[in-house]
Amino acid sequence: MPASTSSSNLPSSSSSECFTGPAPAMKLPQDVGICAVEFYFPSLYVDQSELEMYDGVSSGKYTIGLGQSCMSFCSDREDINSMCLTVFQRLMEANGISYSQVGRLEVGTETLLDKSKSVKTVLMSLFEESGNSSVEGVDTTNACYGGTAALINAVNWIESSSWDGRYAVVVAGDIAVYASGNARSTGGAAAIAMLIGPNAPLILDQRVRATHMQHVYDFYKPDMSSEYPTVDGKLSIQCYQHALDKCYQEYTRKVQQQHLIENFTVASANAFVFHSPYCKLVQKSLARLVLNDFLRDPNPDFNGLYNGLEEFRKIELESTYFNKQVESTFVKCSEKAFLQKTKPSLFLANRIGNMYTPSVYSCLLSYIMHQSLADLPGQRIVLFSYGSGLASSMFSLHITQDNSSGSSLEKLYHSISGIRTRLESRVKFSPKEFEETLQLREKTHHIAPYVPIGSTDHLYPGTWYLTEVDDKHRRKYAQKPASPLCDGHANMEQHMAQGSQKTATA
């Protein structure tokens, strides 16, 4: 598929900087990380305060207790394949990247439509016109952690002797839905596509990464006939906090071991972003990092940050998972740090809900959106990624120093500015309509043959959507034509102005 290079913010196929393949003495790639980003969420949402009334729960249970205001969801017209098609194509066309310039494509998702065929193979339909079929990578699955595993794989590939000089792309997407009841309010849906390469504006710090893996049944999906997970809510919260403790302890140890920072604490980084099942848990998570700092500080200042915390000096971390006194005390103690370093990252999570694999990366985008371009260069951001079952990692990235006019950082910064406009253009469904939509998805999940009945009118211009599932479970998709105002993506406008209506088959 040819792509226009007008307004491209990355090397085009005619650029001398383009990754066309390894030279005999190709230089090692420098500053590998995220070069460009595209973010997608469905156009339908439900208001959480209205859902509280509809569900008959106490006022504030979802909005204050969970920290959520809205939740995005899909009709039967969208599935994980269509969402990933949409976000991947937008990434390529918005940045003027030819499909021949991609050598690795990985998808992180837990929203499975097939136990064998990967979402990545569906995305290969977009490569056909370019003639490029030499694209490594498949899907990575472990609850909400798959996107992070895919990102690590992509960066490692570029930094390895296997790299052939082309870009890698990571696509992470999920549809989070729960059975009828209180857990349903913790759903959501989104997808993100990240272009990975050298000389990136968001540079991954490969020297220090902490990982904790463990076998546990806190959240899992054993029933392939249903979209709904089996969840032990209390155990899941405990596992999240335990994994956070283990990763932070290992991360701080490695930072010191590498002689990067003598005593790493929450004060040592500009921002901390977390996987966000719901926003309230994130606030408690930053408080937990401060608790960790307090317990390992050999000489805590009881007249400063830790004023009045003497009684907690000998407490054991493992005993604090559900200790309300400890939780509230350290939430209050960490409030200033939370407001500066973490709350700005919750803008999208608050309005979209739980996104599973894209969650932590939506928080990264939210944080960047809430900074001025002048303040971004050189910032260090620590990320915590968690997936039930369980897999978790803590790692960091730093932002390039170059924010000059035309720089990759400036273009990435401005490329995500349209997210606010798309949020405001969503269509609000009543809780009753929301329930009816999810009931339809429940009844039609994995049935074949099936023709979706949901309207396509509400879909954003340029969105891929499901048209048919035949009697052999083969899925067919079409793309809604884009309008001239489609999210400010000049290349997509030019492409759609030619009146093309594309189809894909999975």
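Residues numbered from 1 in each chain as written. Predicted model: local features only at pLDDT ≥ 70, side-chain atom pairs only at ≥ 80, totals over all residues. Heavy atoms only, no water.

Novice: Looking at this structure, how should I read helix α13 (residues 431-444)?
Specialist: For α13, which comprises 14 residues, the first-to-last C-alpha distance of 20 Å matches the rise-based estimate of 20 Å (1.5 Å per residue) to within 8%. All of the buried residues along α13 are Pro-431, Phe-434, Glu-435, Thr-437, Leu-438, Arg-441 and Thr-444. Those residues of α13 that are buried are in contact with β2 (44-47), α1 (48-55), β3 (70-73), β6 (167-176) and β14 (427-429). Where α13 ends, the next residue or the one after it, His-446, has phi of about 65 degrees, a positive value. (Helix = DSSP H or I, 4+ residues; strand = E, 2+ residues; numbered from the N terminus. Expected span 1.5 Å × (residues − 1). Buried < 20%, exposed > 50% of the residue type's maximum accessible area, 1.4 Å probe, protein only. Contact = heavy atoms within 4.5 Å.)

Novice: How should the UniProt feature "domain: Hydroxymethylglutaryl-coenzyme A synthase C-terminal" (unreviewed entry) in the chain be read in this particular structure?
Specialist: This chain's UniProt record puts "domain: Hydroxymethylglutaryl-coenzyme A synthase C-terminal" (unreviewed entry) on residues 203-480. Segment residues 203-480 splits into 38% helix and 18% strand. End C-alpha atoms: 35 Å apart. (UniProt positions renumbered as here; feature names shortened; annotations may be inferred.)

Novice: What am I meant to see in the sheet that holds strand β13 (residues 391-399) here?
Specialist: Two orientations exist for strands paired in a sheet by backbone hydrogen bonds: parallel and antiparallel. One open sheet holds the nine strands; their spatial order is β5-β4-β6-β7-β1-β8-β13-β12-β11, and the pairing between them is mixed. Only two strands of the sheet have a single partner each, and these edge strands are β5 (139-140) and β11 (271-274). Here two bridges tie strand β4 (residues 102-108) to β5, and the two strands are oriented parallel to one another. The partner of Val-107 across the bridge, within β5, is Asp-139. Packing against the sheet, helix α5 (residues 233-257) makes contact with β8 (202-213), β11, β12 (380-387) and β13, and its axis sits at approximately 125 degrees to β8. Docked against the sheet, helix α6 (residues 279-296) engages β11 and β13, running at close to 130 degrees with respect to β11. (Pairing = 2+ DSSP bridges. Axes fitted to C-alpha atoms, helices over the stretch in contact; angles between N-to-C directions.)

Novice: Is there a simple way to explain helix α7 (residues 324-333) in this structure?
Specialist: Three- or four-residue spacings in an α-helix give side chains the same orientation, since the helix completes a turn every 3.6 residues. Turning to α7, its buried residues number three or more, namely Val-326, Phe-330, Val-331 and Cys-333. Buried residues of α7, viewed axially, fall in a sector of 160 degrees; they line one side. Along α7, the residues that are exposed and aim more than 90 degrees away from the buried face are Lys-324 and Lys-332. Among the structural elements, α6 and α8 (335-341) are those in contact with the buried residues of α7. (Arc of directions from axis to C-beta.)

Novice: So what exactly am I meant to see when it comes to the pairing of strand β15 (residues 464-469) here?
Specialist: Successive side chains on a regular strand alternate, one facing one side of the sheet and the next facing the other. Of the pairings in the sheet, the one linking β15 to strand β16 (residues 475-479) comprises five bridges and is antiparallel in character. Residue pairing in the sheet places Tyr-465 in a bridge with Ala-478 of β16. In sequence, β15 turns back onto β16 through a hairpin of five residues, with His-473 there showing a positive phi of about 65 degrees.

Novice: Teacher, can you tell me more about the nonpolar core here?
Specialist: Nonpolar side chains tend toward joint burial in soluble globular proteins. Counting residues in hydrophobic clusters, the biggest one holds 145 residues, and the most contacted among them are Phe-39, Phe-88, Val-171, Ile-196 and Leu-348. Counting residues per element, this core draws most heavily on α6, which supplies nine residues. Other than its neighbours up to four places away in sequence, Val-171 contacts Cys-84, Val-87, Phe-88, Leu-105, Glu-106, Val-107, Gly-108, Leu-123, Ile-192 and Ala-193. Residues Cys-144, Tyr-178, Phe-219 and Tyr-356 belong to the second largest nonpolar core, which totals five residues. (Core = buried A, V, L, I, M, F, W, Y, C linked by side-chain atoms within 4.5 Å.)

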